[in-house]
Every structure is written in C-alpha cells, then in structure tokens.
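Residue strings, one per chain:
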Amino acid sequence: MLDRKNKPLLIFGLVVMFIILVPLVLVVITSFGNQPTISLPIKGFTFEWYKNILQQPDFVDGFKMSLFVALIASFSALLIGIPAVYALTRYNLQHAEWFQSFFLSPTLIPEIVVGFALYQTAVISFKLPLLISLLVGHFLLCLPYVIRLVSASMLILDPHIEEAAWVSGCTKGQAFFLVVLPNIKASVIAAFMMCFINSFNNIPISLFLNGPALNMLPTAILNYLQNNYDPTVSAISVVLMIFTAVMMWVVEKFLGVNKLVK
Amino acid sequence: MRKRSAILLLLPAFVGVLIFTFYPLIQIIIPTLNQSSDYGKLYLEFLKSSYNQTVIFRTLAIALFTTLVVLVLGLPLAIWIARQDEKVRKLLSVIILFPMLTNAVIRNFAWIIILGKNGVFNDLLLKLHLISAPITILYTNAAIVIGSAYLFLPIMVTSLVGSITELNIETEEAAAVLGAGAMTNLFKVIIPQLTTGILTGCILVFAGTMTAYTTPQLLGGNRHLVMATLIYQQAMTLGDWTNASVVAIILIILSVVIMFAINKLMKKLDRRKVNA
Amino acid sequence: MAKLEVKNLSMSYDGKNKILEDLSLSIQDGELVSILGPSGCGKTTTLRIIAGLLKQTDGEIIVGEKNISNLPVHKREFGMVFQSYALFPHLSVFNNVAFGLKMRKLDKKQIQEKVENVLSVTGLSDLAKRFPAELSGGQQQRVSLARALVINPQVLLLDEPLSNLDAKLRVEMREEIRRLQQELKMTAIFVTHDQEECFAISDKVAVMNRGRVEQFDTPQAIYQEPKTLFVAKFIGFENFIKVVGYDGEAYLTESNIKLAAQAKENTRYLTIRPRQIKIIETANDSENVVKGRIINRTYLGNSYRYTVKTSLGVLKVDDFEHDVLSRDEDVILELAVKNLLPLEN
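Naming follows an unreviewed UniProt entry, where chain B appears as ABC transmembrane type-1 domain-containing protein of Liquorilactobacillus cacaonum DSM 21116. Looking at chain B in UniProt, the text filed under Subcellular location (unreviewed entry) is "Cell membrane". For chain B, the Sequence similarities (unreviewed entry) comment in UniProt is given as "Belongs to the binding-protein-dependent transport system permease family. CysTW subfamily."

As named in an unreviewed UniProt entry, chain A is ABC transmembrane type-1 domain-containing protein, taken from Liquorilactobacillus cacaonum DSM 21116.

A few words on the UniProt feature "domain: ABC transmembrane type-1" (unreviewed entry) in chain A. Taken from the UniProt record, the annotation "domain: ABC transmembrane type-1" (unreviewed entry) applies to residues 63-251 of chain A. As annotated, residues 63-251 of chain A has a helix share of 81% and a strand share of 0%, and its two end C-alpha atoms lie 21 Å apart.

Residues and elements named next belong to chain C. The four strands lie next to each other as β2-β1-β4-β5, forming an open sheet whose pairing is antiparallel. This sheet does not close on itself; its edge strands, each paired only once, are β2 (18-27) and β5 (66-67). Of the strand pairs in this sheet, strand β1 (residues 4-12) and β2 are connected by six bridges, and their pairing is antiparallel. Its bridge partner being in β2, E5 is matched across the sheet by S26. Against the sheet, helix α1 (residues 43-51) touches β1, β2 and β4 (58-63), its axis set at about 115° to β1.

Moving on, we get to the confidence of the model for chain B. Of the residues in chain B, 96% have a pLDDT of 70 or more, and the chain-wide mean is 85. Highest mean pLDDT in chain B belongs to helix α3 (residues 50-82) of chain B (91); lowest belongs to helix α8 (residues 169-177) of chain B (79).

Now for the arrangement of the chains. With two pairs of chains in contact, the largest contact count belongs to chains A and B. Between chain B and chain C there is no contact, and the shortest C-alpha to C-alpha distance separating them is 10 Å.

This next bit is on the sheet that holds strand β14 (residues 269-272) of chain C. Read from one edge to the other, the open sheet built from five strands follows the order β13-β12-β11-β14-β20 (chain C), with strand pairing classed as antiparallel. The open sheet has two edge strands with one neighbour each: β13 (258-259) and β20 (341-343) of chain C.

Conventions and cut-offs
Residues numbered from 1 in each chain as written. Chains lettered and ligands numbered in written order. Predicted model: local features only at pLDDT ≥ 70, side-chain atom pairs only at ≥ 80, totals over all residues. Heavy atoms only, no water. UniProt positions renumbered as here; feature names shortened; annotations may be inferred. Helix = DSSP H or I, 4+ residues; strand = E, 2+ residues; numbered from the N terminus. Pairing = 2+ DSSP bridges. Contact = heavy atoms within 4.5 Å. Axes fitted to C-alpha atoms, helices over the stretch in contact; angles between N-to-C directions. pLDDT = per-residue confidence, 0-100.

Okay, structure coming up:
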C-alpha cells in the first residue's frame, strides 16, 4: 500500500522535499559569506551584503516601485473583477461561461507576449505613460486570479441571503456591502494576496514596460545578477524570502494559506 | 433594468481585456501579415531558417523534459504528502507553497550557485573524485530543464495533492486484497484515477515552461535561446519588432494548441464522470 | 398588517411561455393563506413577485389601500422566510434579527428591546450570541422567522419554510408558525407542496397548477369538494370516472352507464373516495350500483384496500366492515349520490 508507512515512498518524499528546500537554504548561507564572489562553503561571517542592498538605488527604488505597482494592480483587479464576478454569478446571464473564459483569457497569452504587445499598443499607439501601461499589464496578470477565486466563493454562497437582505430593507448596494462582501471576504483576501505576490514577482510583463525611471525590483535583480556575482543578490533574495514568509504568515493568520491554491 | 446593471458591472473588465489583451494581439498580428503581398511569407521564412527551427525545437523539448521530470518527482511526492495526517499534510503543503511564492529570479539564482563551474555540484563531484575537472552544466539546456522543473514542481505537487486526497483509499485496499502490490496499485489504480489531475498539472507545467522567460535567460545564457528569449532579443537587441511579433504569434499558437490538445485528451481519458 | 390583494398577475420571461396567467388572490387582514401546488406550478414565482424579488409582466399588488406593484423590494415592508433560511452566516443570531431594524435606522435601545422581545417569543433568547453555523435546522428556522417578524411586517411571506426539516420537527414548527401568526394577527402567505401541512395551518388555500389558481377556498371546502380534476388528484382522490353528458337526472359515463350525482356545469369527471364506496350484498334497485371483480388486495391496517375491476373502470375501494374478501371474488359496489363529486377539467 502506498500509505504513510510505505518505506520507499517515505524516502522518496524526503529526498524530493530536500531538493526543494536545499537551494533556498544555500542562498541564505551565501548571503553571509565575506568573499567578494559567491562561494560555498562560506568563509567568515558578515552582514556587509545586507548593508550593500541599501547602497543599490536600483534595489531600493525597485522595491518601492514594485510595491506600488503590485498594490495598485491588485486593487484595481479587485475593483474591476469583483463587479464582473457578481454579474456572472448573480444575473443568470446567457453567456456567463463565455464571459468567464474571456476574462481568464489573459492567462493563455504568454506573459512575455503580453508585455511585448502591450508596449506596442499602450505605449506606442495610445501614447500612454509607461507607468500606466505597466499598471495595465500587471492588472491583466491579476484579473484572472480575482475572477477565479472570487467566483468560486460566490457560487458557494446562498443567493437567498441577499434576497433576505433586500426584503429586510437593504438596497442592492447595501446588501452587497453588508451581506455579500463579509461572506466572500476570505476569497477576496486570497485573491488580493495572489495578485499582489504574482505582480510583485513578475518579470516578463515588466520587461518591455520598464525604463530608466521605472525600475522594478525583480528586473533589477535580474540585471544585477547578469553583471555581478556577489552575495548582494543572496542578501536581497533573503530579504524577499522573509517578505514572502511574512505575507504567508499573515494569510495563514487570517484564512489559512491553503486557501491560496484552492 | 436588470440587464442594464449586469452590463454596467461587466463592462470595465470586458473593455479592459478587450482593449489591452485582444486589441494588442491584433495589432501585432497585422504587420506580420501585411509586409508583402504574400500573407504567410514572414512566417514561412521564419520557419525555414534552421536556426529558428532549433529554437522552436529546443523550446518544445525543454518543456517536454521539464514536464516529465516534474511528473516523476511530483507524483510520488504528492502521494506521500496526501497520505499524511492532516496536520503534517498542511505543514508540508505550506513548505511546498513557499518556493512557489518566492520570486523566480531567486529560485533560478539558487541553481546558478549549485550548477556553476565552481558551484556546489561540481565541488561535490570533485571531492568524491567522480570527475577530475569541473563540468559545464550551467548555460546548457539541461540547466534550463533543472531550473524550470524546480520552478514548476510545487505547482504540480499542489495540484496533485488536492486530487489525491479526494481519492477513495478503499479502492487501493480492494486492489491490495485482490493481490496488487504497491507498484501495481500505483500504476493500475492510483494513476488511472488521477488522469485529470495529472494532465491539468501537465498543462500548467508545459505551457508555463514553454513561455517562461526568466529561467532560460538566467540558466541558458545567450547561446541557448528559446522562443520567449528570442522575442526579447529580436525586439530589444535587434530592434526587429515585426520578427519578434512573428515569434510571439507562433508561441501563442503553439501553446494554445498544446493546451487544447491535452485538454481534449483529458476529457477523453476521464471516463469516471458520465458524459452529459 | 393589512389586507393583501393580488390582481390579474401575469408573468413571462420571454413573452411566450406564461409562468403565471391572470392570477388573482385576496387575503384578508390577519389571514394565513397557503399556496399549494406541485413544483413548477408558479407558487414560488407568485410569492417572489409579491415580495418584489421578481417583477410581474402584468397585474397589480395592493396592500391595504396602497398599490405597491412598482415598489422596489426593500421598500415593501414585508417579512420573508426562505426555504434555505438564508441566515447571514457572518452575523450572530442577535444581529441577524436586528438587521432589518438597523436598516430602518432605529436607535440602539429600541433595537435591543425589539430583538429581545422577538427572540423570547420564538424561544431563542439563550442563543442570541450564537452564529448560524452553530445552530440546528430547527433553530435556524426560528431565527429566520424571528428576523422576518421583528420588523412587524405588513405581510409575512413563507417560502416552503419547513421542507428542510425532518418530519417531527416539521409538525412542531408548523404549529409554532400558526401560533405566532395568530398571536400577532399577522397576514401571511405560506407556499408549500405538502397538502397536510397546508391544511393544518391555513385559513384558506389556493391550489395552483400551471400558473393558475385552480381553487381558492377553505381547507375544509377543498378537501370535501374539490372543484377540478387537478385539485382532486392533488389532495388524494383516486377514483375518476369520465363523463360525457348529463341528461337532466344523471351523468352518462364513457362506458354508457348512468350515474346520478349533483348537477354542475362543465363537469368532466366524477370522483369518490375509496372509503365511500360501499360493498353491498345484493344489488338493490337504488341508483349507482355497479358489479365488479377484485383484482388486488392490500392490507392498510384499519382497512383493506381492494382494487376492483368494473364496467366503470378500475376502482379503489377501502373496506373495514366486511370479512376479508379475496382475489377474483365478485362484488357489488354502491357509489352513493351524495359522495359522488362532479369535477371540472
């Protein structure tokens, strides 16, 4: 039987878990070495590289910019996605499934192509500012998460509770905020986190849509890594891992991390 | 009345996707068709070049190998995780989720440390006297496969754990009573019930690897271009935006066709649900 | 609390298929009226139109003296109990009940007072701080009722409120609903597909079929004198004899037999309850006697149910007076004039 007591399965499981975790552990270790290039085993112990992060304007500005873009993109995806989900799940529309697929369609386009095509349309044809184009690109990245996660929970929610609220004297708007939203809160938070994390980590879309004054953290790390091989990259990686861990902890606190993948 | 409010609610998202996903696509397609009187000329030229053929083949091969590696590592791991007590299962799921939510640059960077000339892996082989001089792994196709597999393994595992926990373990017990060993059970009872989960995972991994930019860029170097990196190179380095569009369109077509095909296969293989 | 008048209600989604057709009901102040019918007959649609959750294609709804046909749902001042209870999962029992009062912007003290009052009337005082997920089905039902009652609605609407409860609780809750409705002198509409349930608690019953009211009467009248074939079938009549004409004295059946019964226009069928068919020893001269042969027998506890093949067709007969008869025995049946009811189609 392939259950928990199966020895080969246990060994296999542990080995693969090891493979999954070791690379990240190595990154953490290398961030403390005091040689000028990354090497293992490390010699000495230093926090120099962490201090060096702050000397890199690309990293500092990139962090701020990525944070800003991820927040705006995630919020606008919620703001635009939730009404669409509401219409799809509560209005008995004839082509609801078609609309659903339409809203999920950005996931079918390779991210690099989204960035590439958007650059030509938004920046060159529409003459939109680079920042706006970048936000649009990240919005397209986020929207499908909102559509998928929020519509799943809207479908579970009893539509009669809204009607009960209307009969009790609520307008449609009041009923949405007082009765629907509190009950889909978990999926909204989950969608927000998925949007935020994916936008914050994204490279391919930003690749075509960044510029000298518009520097995103992941692309900054990518560029740095292509030109340097010192433990500053390890240090910034560790900082970002802590950032991820904190976010996961927050999600766990509010609704359980497992909600993110459902 | 109701219809109007439904339309108002759908409109922003609809217009957004239309203007910023579909319109741009049309906008990049048109120049690739209008360059000459012969509509498909650019595409034919592109596909005739043996260099481009190599890139397309490399893209597909890397996606295929990555998917296989992820499946072989991911399936048993997913079974192992799914068969733990709830508490342990949750903990392991969180551990798996962590790399998934960590930036791809960081995860690729970790493999640069491991696979480089003076990397951990070469060190280890030298110390064990298995090799006498460092071997080249970084900046090869193999490195891209390893990096991609590392990137997508958590996604496969997470999606499989879900479907495995839903399996009725009594079917395996029934098979065991009838004389099936662990391996027979895996191949004759578990996997057949998981076709949908496995193929869904495969779609994610294959399409994801095929269209990924960061990993081939970091681990493949300039001599091992795939279609995603080729688009960037054509557009940004060579300034040939039309040719980049050709690659982009071919990449979209390939990935959508493959996803569609696996989806079809999935529906055909999954006989558990009665077809309505 | 007020009189409710529904006039010539029509409903159609596509303009062609009518879900409701020219439906009228008049409900007096303080009356509990049931709408009874099979699923798909339009009873829930009717209730939802009255509540304002659906918009009628045509017709009027008048509460008291006020025409509310075009009033949006949140301004109608009704209380409604849903089949799924539809409690707000994120609010405690207290806040579920207080919800409608908060919408009416009552001050805190008033809310507290009213909620506590209705919770005690519905026997929920101890559960005020619980959340819906922590309640049993019956308790959720009470909360749903309390939430509907607390705003002192003009009309209480109940949409199959008991169908998710088990049999024993169902009886208990329907008595509770009736008690509260009478105590509060509430005008109420109760939608159900269960005839026993609706007979037990209603002042009047509207039996619906295919978007129309087939009969609107007291439970007694409906039980004793169903007007149409559909109503008779729905409330459990089993013997139907098709008639083709009336000669001034008796009806002529399909099989050319004359049956005397109360004269009524548009009669298409005659019906009689199985226990009102008498098995008699010898054919006398009286009317409505028919010979038959027993083709099946079932023991029902206090009687035997015989299936008898006669020239009028197969009839079900319940007998608890005679000795047990067996299959293939010949019998003589009497269908007394007073028990034979004429039915419209």
